[in-house]
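# Working through the structure, step by step
Next come the chains, spelled out residue by residue.
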Amino acid sequence: MDAPLLKVTGLKRYFDVSPPWLNRVIERKPRRLLKAVDGVSFAVARGKTFSLVGESGCGKSTVAKCILGLHGMTEGVITFDGVEVEDTASRIAMLPIRRRLQMIFQDPYASLNPRWKVRSIVAEPIRAFGQVQEREAVLHQVGELLRSVGLTPADAEKYPHEFSGGQRQRISIARALASRADFIACDEPTSALDVSVQAQILNLMKDLQEEFGLTYLLISHNLAVVRHMSDSIGVMYLGRLVEVRHGEALFEDPRHPYTRLLLNTIPSLEIIGQDRTPLAGEVPSPIDPPAGCHFHPRCPHANQRCREETPELLRVPAGAVACHAAQEARI
Amino acid sequence: MTEPREALLDIRNLRVEFPTRRGTLCAIDDVSLTIGEGEILGVVGESGAGKSLTGSAVIGLLPEPGRIVQGEIHLSGRRIDGLSDEEMRRIRGKEIGAIFQDPLTSLNPLYSIAYQLVETIRTHLDLTAKQARKRALDLLQEVGIPAAEERMDGYPHEFSGGMRQRVVIALALAAHPRLIIADEPTTALDVSIQAQIIAVLKRLCREHHASVMLITHDMGVIAEAADRVAVMYAGRIAETGPVEEVIRRARHPYTYGLMGSIPQLKTPAERLSQIDGAMPRLTEMPDGCAFHPRCPRAVDRCRAQRPPIEVVAAGHDVACWLFESAPKPGARI
Amino acid sequence: MTGAGGVSARRRTLRNMGRRLFDSDLWYSFRASPVAVSAAIVAVLILAAVACAPWLTQDPFDLTTVDIMDASKPPAWAEGGSWQYPLGSDDQGRSVLSTILYGTRISMMVGVLSVLFAMVLGVTLGLIAGFAGGGLEILIMRLADIQLSFPAILVALLIDGIARIVLPHDLHEALTLYVLIFAIGISSWVHYARTVRALTLVERNKEYVQAAWLVGTPPTSILVRHILPNVLGPVLVLATLGLATAIISEATLSFLGVGLPPTQPSLGTLIRIGNEFLFSGQWWMTIFPGAALILVALSVNLLGDWLRDALNPKLR
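Being a predicted model, the structure only gives us computed values, none of them experimental. (Residues numbered from 1 in each chain as written. Chains lettered and ligands numbered in written order. Predicted model: local features only at pLDDT ≥ 70, side-chain atom pairs only at ≥ 80, totals over all residues.)

## Considerations on the overall build of chain B
The condition that has to hold: Helix and strand assignments come from DSSP, with helices taken as H or I runs of at least 4 residues and strands as E runs of at least 2, each series counted from the N terminus. The atom set for the radius of gyration is the C-alpha atoms, and the globule formula is 2.2 Å times the number of residues raised to the power 0.38. For the exposure call, what matters is how many other C-beta atoms sit within 10 Å of a residue's own: 20 or more marks it buried, 12 or fewer exposed, and in between partly exposed, using C-beta atoms placed from the backbone. We call two residues in contact whenever the C-beta atoms placed from their backbones are within 7 Å.
Counting secondary structure elements, chain B contains twelve helices and twelve strands. Here chain B has a C-alpha radius of gyration of 21 Å; the compact-globule value for 333 residues is 20 Å, and the two agree. Referenced to the eigenvectors of the C-alpha coordinate spread, the extents of chain B come out at roughly 65 × 45 × 40 Å. In chain B, which comprises 333 residues, the share counted as buried stands at 49%. Considering only intrachain contacts with a sequence separation of at least 6, the fraction spanning at least 24 residues in chain B is 64%.

## Some words on the overall build of chain C
Secondary structure assignment for chain C yields twelve helices and zero strands. Listed N to C, the secondary structure of chain C is α-α-α-α-α-α-α-α-α-α-α-α in terms of helices and strands. Contacts in chain C between residues far apart in sequence, at least 24 positions, make up 68% of those at least 6 positions apart.

## Points about the sheet that holds strand β4 (residues 67-75) of chain B
All names here are of chain B. Spelled out, the test is: One requirement defines pairing of two strands: DSSP has to find at least two bridges between them. Fitted lines through C-alpha atoms serve as axes, helices being fitted only where they are in contact, and the angles separating the N-to-C directions of these axes extend from 0 to 180 degrees.
Read from one edge to the other, the open sheet built from four strands follows the order β2-β1-β4-β5, with strand pairing classed as antiparallel. Every interior strand has two partners, whereas the edge strands, β2 (23-35) and β5 (78-79), have only one. Here β4 pairs with β5 via two bridges, running antiparallel. In the sheet register, Leu75 faces β5, and the bridge partner there is Arg78. This element, helix α1 (residues 51-59), spans β1 (9-20), β2 and β4 of the sheet and lies at about 75° to β2.

## What about the environment of Phe288 of chain C?
By the secondary structure assignment, Phe288 of chain C is in helix α12 (residues 284-311). Taking the C-alpha atoms as reference, Phe288 of chain C lies 8.3 Å from Leu97 of chain C; in sequence the two are 191 residues apart.

## Some points on the environment of Ser41 of chain A
Residue and element names in this part refer to chain A. Tracing the chain through its elements places Ser41 in strand β2 (residues 33-44). Spatially, the C-alpha atoms of Ser41 and Gly76 are 8.8 Å apart, while their sequence positions differ by 35 residues. What Ser41 contacts, discounting residues up to four positions off in sequence, is Val8, Thr9 and Gly10.

## Observations regarding the sheet that holds strand β11 (residues 310-313) of chain B
Sheet strands associate in pairs through backbone hydrogen bonding, adopting either a parallel or an antiparallel arrangement. Residues and elements named next belong to chain B. Taken in spatial order, the eight strands make up an open sheet running β6-β7-β8-β3-β9-β10-β12-β11, and their pairing is mixed. The sheet terminates laterally at β6 (96-99) and β11, the two strands that pair on one side only. Neighbour-to-neighbour, the strand axes of this sheet turn through a mean angle of 20°, independent of strand direction.

## Focus on the pairing of β11 of chain B
All names here are of chain B. Relative to strand β12 (residues 316-318), β11 runs antiparallel, the two being bridged by three bridges. Across the sheet, residue Val311 finds its bridge partner in β12, namely Asp317. Where β11 folds back on β12, the antiparallel hairpin that results is connected by two residues, among which Gly315 adopts a positive phi of roughly 80°.

## Overview of helix α10 (residues 219-256) of chain C
All names here are of chain C. The condition that has to hold: Expected helix span is computed as 1.5 Å times (number of residues minus one). Fitting one axis to the seven residues ending at a residue and another to the seven starting there, the bend at that residue is the angle between the two axes.
Taking 1.5 Å of rise per residue, the 38 residues of α10 would be expected to cover 56 Å, yet its terminal C-alpha atoms sit only 46 Å apart, more than 12% below that figure. If you look at α10, its biggest bend is around 55°, right at Leu228, and the proline Pro229 turns up within four residues after that. Immediately beyond the C-terminal end of α10, within one or two residues, lies Gly257, with a positive phi of roughly 95°.

## Structural notes on the packing of helix α4 (residues 118-128) of chain A against helix α6 (residues 165-178) of chain A
Residues and elements named next belong to chain A. For the record, the criterion: For classification purposes, an angle smaller than 35 degrees is called roughly parallel, one larger than 145 roughly antiparallel, one from 65 to 115 roughly perpendicular, and anything else oblique. By convention the crossing between two helices is left-handed if the near helix lies anticlockwise of the far one by an angle smaller than a right angle, and right-handed if it lies clockwise. Each residue receives one of three labels: charged for Asp, Glu, Lys and Arg, nonpolar for Ala, Val, Leu, Ile, Met, Phe, Trp, Tyr, Cys and Pro, and polar for the others, Gly being one of them.
Interhelical geometry of α4 versus α6 gives an angle of 25° and a closest axis separation of 7 Å. In terms of axis orientation, α4 runs roughly parallel to α6. The way α4 lies across α6 gives a crossing that is right-handed. On α6, the residues touching Val118, Ile121, Val122, Pro125 and Ile126 of α4 are Ile171, Ala174, Arg175 and Ala178. Grouping the constituent residues of the contact of α4 with α6 by class yields eight nonpolar, no polar and one charged.

## Things to note about the interface of chain A and chain B
For interface size, the figure often reported is the accessible area lost on association. Taken together, the contact pairs 35 residues of chain A with 38 residues of chain B. Of all elements in the fold, only α7 (195-212), α8 (223-229) and α10 (257-265) of chain A reach the threshold of two or more residues within the side of chain A that touches chain B. Among the elements that take part in the side of chain A that touches chain B, α7 of chain A stands out by supplying seven residues, more than any other. Residue classes in the side of chain A that touches chain B are distributed as 17 nonpolar, twelve polar and six charged.

## Some points on the interface of chain A and chain C
The interface is formed by 20 residues belonging to chain A together with 14 residues belonging to chain C. Among the secondary structure elements, those contributing two or more residues to the side of chain A that touches chain C are α3 (91-100), β6 (101-104) and α4 of chain A. A class-by-class count of the residues in the side of chain A that touches chain C yields ten nonpolar, four polar and six charged.

## A closer look at unusual backbone geometry
Most peptide bonds take the trans form, and the phi angle of most residues other than glycine is negative. Omega for the bond connecting Glu64 of chain B with Pro65 of chain B falls within 30 degrees of zero, at -5°, which places this linkage in the cis form. In this fold, Pro65 of chain B is placed in the loop between α1 and β4. The residue Arg180 of chain A is not glycine, and still its phi comes out positive at about 60°. Summarising the element assignment, Arg180 of chain A is placed in the loop between α6 and β7 (183-187).

## Regarding the confidence of the model for chain C
All names here are of chain C. Operational definition: pLDDT runs from 0 to 100 and stands for how confident the predictor is about each residue.
Overall, the prediction assigns chain C a mean pLDDT of 82, with 88% of residues at 70 or greater. At the low end of the mean pLDDT range in chain C sits helix α1 (residues 3-23), at 63; at the high end sits helix α9 (residues 207-214), at 92. Both scores are given for the predicted complex: the pTM is 0.84, the ipTM 0.86.

## Looking at the packing of α4 of chain A against helix α5 (residues 135-148) of chain A
All names here are of chain A. The N-to-C vectors of α4 and α5 enclose an angle of 115°; their axes lie 9 Å apart at closest approach. With respect to each other, α4 and α5 are oriented roughly perpendicular. For the crossing formed where α4 meets α5, the hand is right-handed. Here Arg119, Val122, Ala123, Ile126 and Arg127 of α4 lie close against α5, whose contacting residues are Val138, Leu139, Gln141, Val142, Leu145 and Leu146. In terms of residue class, the contact of α4 with α5 is built from eight nonpolar, one polar and two charged.

## Describing the confidence of the model for chain B
Averaged over chain B, the pLDDT score is 87; the fraction of residues at 70 or greater is 97%. Helix α3 (residues 103-106) of chain B is the least confidently modelled element of chain B, averaging 77 in pLDDT, while strand β9 (residues 228-233) of chain B averages 95, the highest of any element.

## Description of the environment of Arg175 of chain A
By secondary structure assignment, the location of Arg175 of chain A is in helix α6. When the 29 C-beta atoms within 10 Å are taken as the criterion, Arg175 of chain A is described as buried. Arg175 of chain A sits 23 residues away from Gln198 of chain A along the chain, and the two C-alpha atoms are 19 Å apart. Setting aside anything within four residues of it in sequence, one finds Arg175 of chain A in contact with Ile121, Val122 and Pro125 of chain A together with Ala211 of chain C.

Here's what the structure looks like:
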């Protein structure tokens, strides 16, 4: 079995949201930590797509940013292609690894510098990693990259505001490919796009994956998109991974109550006019999550153990689940 | 039109234009819709299709410098598109309620929930302060705010997004309007909350006998909540019909392509069918049918003449020259 | 690119830029606003007159050209006046029109240079504060807060006073202009710094900056090449409005006697000197420089107002 391209172990990212020091001393207020990511571990195989799914506030974007080095980690080990990615190493030392890890962002309007021409935007990684130097060669490569994402080399002379949302995402993809990255984190790449454009971008991403052997970490809240794109899926809730499954297992045999909730509440074209009674309750704040299993206030199967003890990820067919009820075969 | 009963809302040949320095843009081009009593009509389309503007036109809140230049809007038989600001103000809230996308900006952050509800109620209904407060409490309980009596004097920022949207629904229904315009009511909410809000909306509108114009880009929401749906493209209506008909047996190539490009949870496809290109900008509208540059079935007539609305089946209309034959199922569009 | 190709490429780029400018919403909004167009015309006329001053009239501060026999003549249309001195002459026999032209030139020079100085200083500190955060940001912002608690004029007076004490007299005479530019600039950098810091905080979190990090761009490069171009818009508005303030500040200082001396006067100095003759009936020596000052400040202010509205995306 091939070693995975990316391995994440025990990733934690806490934000200190305590009141200012003076308030803490005078009013005796305690320190408060926002545990955005609270111990996440997974592996991504080469050339495959691993998706992180969950609602807002679950920490999936933060995981991606920690892997790419945009945030520091509070704790955790990240191994890329066998090499441990050092959080504290100098910028120069990290460059060879950084070159291979790139990202596509959610907002097509904020992800391109509005004052730069497309030519400069796509050329920046090429120049930064020193692969090609002469102006002509760089321009030629920019043209090739634009072509591979479905645009034309002439588009390089335009500014981002002259393009639609879908086209801007294509430019972002071209930029991510420009450094010859083989691992691309995609943070909600199609959420801000219209449905018909979404289909174009998703098809493009799949084509590029095949052509260049790319590995994707896909972050999304849309389970249908995730099912269409992924080889493995991890479901996150309030900073923790509650279920990780490979292939179709998540959809055919969901084990965690939250996964089942998600699958049931997504409005779908296949169930027309259905009157569902959706599960009540809202996602609690990550600053004061419930003790034990974070999901227990909303879970129909919660018992005393769920309120006290944090469940561990335990093996099930084609993956793992963190749920006492599943482990005790109560559901 | 195919709606036999007297419609609650009747939009006929509406045309909305925006004069700009680059010429006059036509944002809504000859759109006709009807909504019956107690019916939920979905108006679906992608960004720029004109669906939100249609809702704004009905409620009389077209953004400057938009103008209705042609067509009529009738509410319960009474013409409302040419009314003065004062008359429209009386209609808003009392006969037409509105729910917008962002619950954060729909509620005034400086006033308590109870205050805003009571103010709306007393503006349109002749009740004392005490009666109005009781009514506000009833409404909050109806929309499912837990511990409503204790929380109703709280401020919007003390509620979560889903709760705020419920309050907005309560506000919209406060004066017993017969029509609700809901513009992307679930888009800003988490997935598991969206389902709750749709359920609340459906239930309340049924109980209050209110009709809804549900404007959204999310077909899944339409599938779950709407009775009929109108598909808009580039300011024009492409297809109208019962929800199941339009989703399963779409006649317009755009609708058909749209359904195919939505990834499905239950029946995954290897490749999503995609519609190449993008919706034309209002400044660059093609002649004839607005969709023809992206349509694989386009013939010369499509390029030259704009297709009229034709009846395909009971209650199912489509604007396509090739309406007699359905797009081939499974064909890549 | 070789020489010939380079020249035509540059010409093409200029033509493209020109086309983009005249096609843009900004130009359209300018043409559509009669106030902006009038203010611009007035400003351009003033600039032209000021620039051509050496050819239009003789330097009134060159003592060889002045005839003291022509002192205190009223303006041309009044009794006793002549068209040789259209706006009258002052007590030394200088034509008021020429003194205004030269004075305006000095006023504008001080205004423009002090604004440039404040802009460079303020934008740099604002960028650093917004981007670096932490202790550096606190330091810079508290400095700004402290300075804001002093009235700008007082700060300028203070610096000017220190300069007078520290520098020997004739050196100070020669350097008055630069001391003044420095003083007014120092008193106004804070507005630029605060605005730029706020804008930098917003831009810093945008995805295109994160993308630049991912590519390994060094922080100074991100600051200068990515963030700076995106924060300059509001700075331009501040600068235009600040120009009017700077001109008036300089006039105030000169009027108070601590600005430019009579040998190298600005409009403020002229007003001060002329003021002494106001009550003896020779009104033209102070009124015309005053009117010139108002005209300059007004046209700059109106242009700045138009620019601010034109660049405000919410009003479009």
